[in-house]
Amino acid sequence: MRAAIIADIHGNADALNAVLADIHSQGADRVIVNGDVVNRGPDSVQVMERLLDEPDVAFTLGNHDDLLRLWHVRSDTLPPDWFDDPFWGATVWSMHQLDRAGLLHEPATWNRTLTLEVPGLPRVLIAHGTPQHYREGLSERTPPQRIAALRQADDGGEYGVLVGSHIHRPAHATVDGTVVLNTGAVGFPATGDPRAQYLLLTATPAGWRPEFRAVPYERGDVLNRFATSGLLGTGLSAEIFREELVRSRSLYTPYWDWTESGHVPRTPATWEQFLRTHPAAVS
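Predicted model, so just to flag it, every value in this text is computed and none were measured. (Residues numbered from 1 in each chain as written. Predicted model: local features only at pLDDT ≥ 70, side-chain atom pairs only at ≥ 80, totals over all residues. Heavy atoms only, no water.)

**What to know about empty space enclosed by the protein**
Applying the stated criterion across every chain, the model contains one cavity of 30 Å³ or more. Roughly 50 Å³ of internal volume is contained in the largest cavity. If you go around the largest cavity, the residues you meet are L125, A127, G129, T130, P131, L138, L150, L162 and V163. Elements with a contribution of two residues or more to the lining of the largest cavity: β5 (124-127) and β6 (161-164). Here the residues of the lining of the largest cavity are counted per class, giving seven nonpolar, two polar and no charged. (1 Å grid on protein atoms, 1.4 Å probe; cavity = no way out; pocket = protein on both sides within 12 Å on 5 of 7 lines; lining within 4 Å. Points joined across faces, edges and corners; volume = space filled by probe spheres on them. Helix = DSSP H or I, 4+ residues; strand = E, 2+ residues; numbered from the N terminus. Nonpolar A, V, L, I, M, F, W, Y, C, P; charged D, E, K, R; others polar.)

Here's what the structure looks like:
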């Protein structure tokens, strides 16, 4: 079996189309979408429609897939002051786009985890983050004691391979015999490499063989669609998302953390201040 595990597409249809073409050329038997199909980019509807039209695609739930649904019902699991904060304009825009298309609640049926099993090979656990939380990133930095806990299956068995996404960069480590993998991101990589990135996992007699694929595509059209779709006019978060795509770097999270730690309002002025004072974060 050869499984293509893709994630963090984030409404970038051009990146998704390039990756799906590469997956088909590689002869993958299965496509697993490991969360965060939507939000950030301008194409959440197109991306969702394309994936739902693909045969035999399995999904796990990502935090952005869930966020838009939670926002729609004004869930009390979200801070109440978020709903009136203009900083969240891009999220509101993407939510309305999916709602009008009748696709907003599609992720309600997606599981938090999936398991791959091939006789004679270690079991593979796949989750956007971890089974406990879809925002818990999995990588070579995950403490060994956490890996030891995650490898324990509910049925008393063990997983030999753990696959996560969410952190927007590929990762590969072996921790006390457990293989830890991260898919990287299709739509918004945070590696400095603008290519669309995903994981190809092949079952072989010697075990699971991971291959990290990076697929080039032309970004000009999706960058333009930030403006032509109306997304860019929703405010600061959309501007940051577009800049993330330009730089292939994580900017939203470090900016958010900086504003939280310093009790700084999230405004265009503080965003410009962040860019000036944190050159290492944006280079």
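**Quick look at the sheet that holds strand β7 (residues 170-175)**
Spatially, the five strands line up as an open sheet ordered β4-β5-β6-β8-β7, and their pairing is mixed. For this open sheet the edge positions go to β4 (113-116) and β7, each flanked by a neighbour on one side alone. Direction aside, neighbouring strands of the sheet carry axes that sit 15 degrees apart on average. Two strands pair when backbone bridges link them, and β6 and strand β8 (residues 178-183) are joined in this way by four bridges, in the parallel orientation. Paired with L162 across the bridge in β8 is V180. (Pairing = 2+ DSSP bridges. Axes fitted to C-alpha atoms, helices over the stretch in contact; angles between N-to-C directions.)

**Digging into the sheet that holds strand β9 (residues 196-204)**
Here we have five strands laid out as an open sheet, ordered β3-β2-β1-β9-β10, and mixed in their pairing. The open sheet has two edge strands, β3 (57-60) and β10 (207-215), and neither has a second partner. Direction aside, the axes of adjacent strands within the sheet are offset by 25 degrees on average. The sheet contact formed by strand β1 (residues 2-6) and β9 spans four bridges and is antiparallel. Counted as the bridge partner of R2 is T202 from β9.

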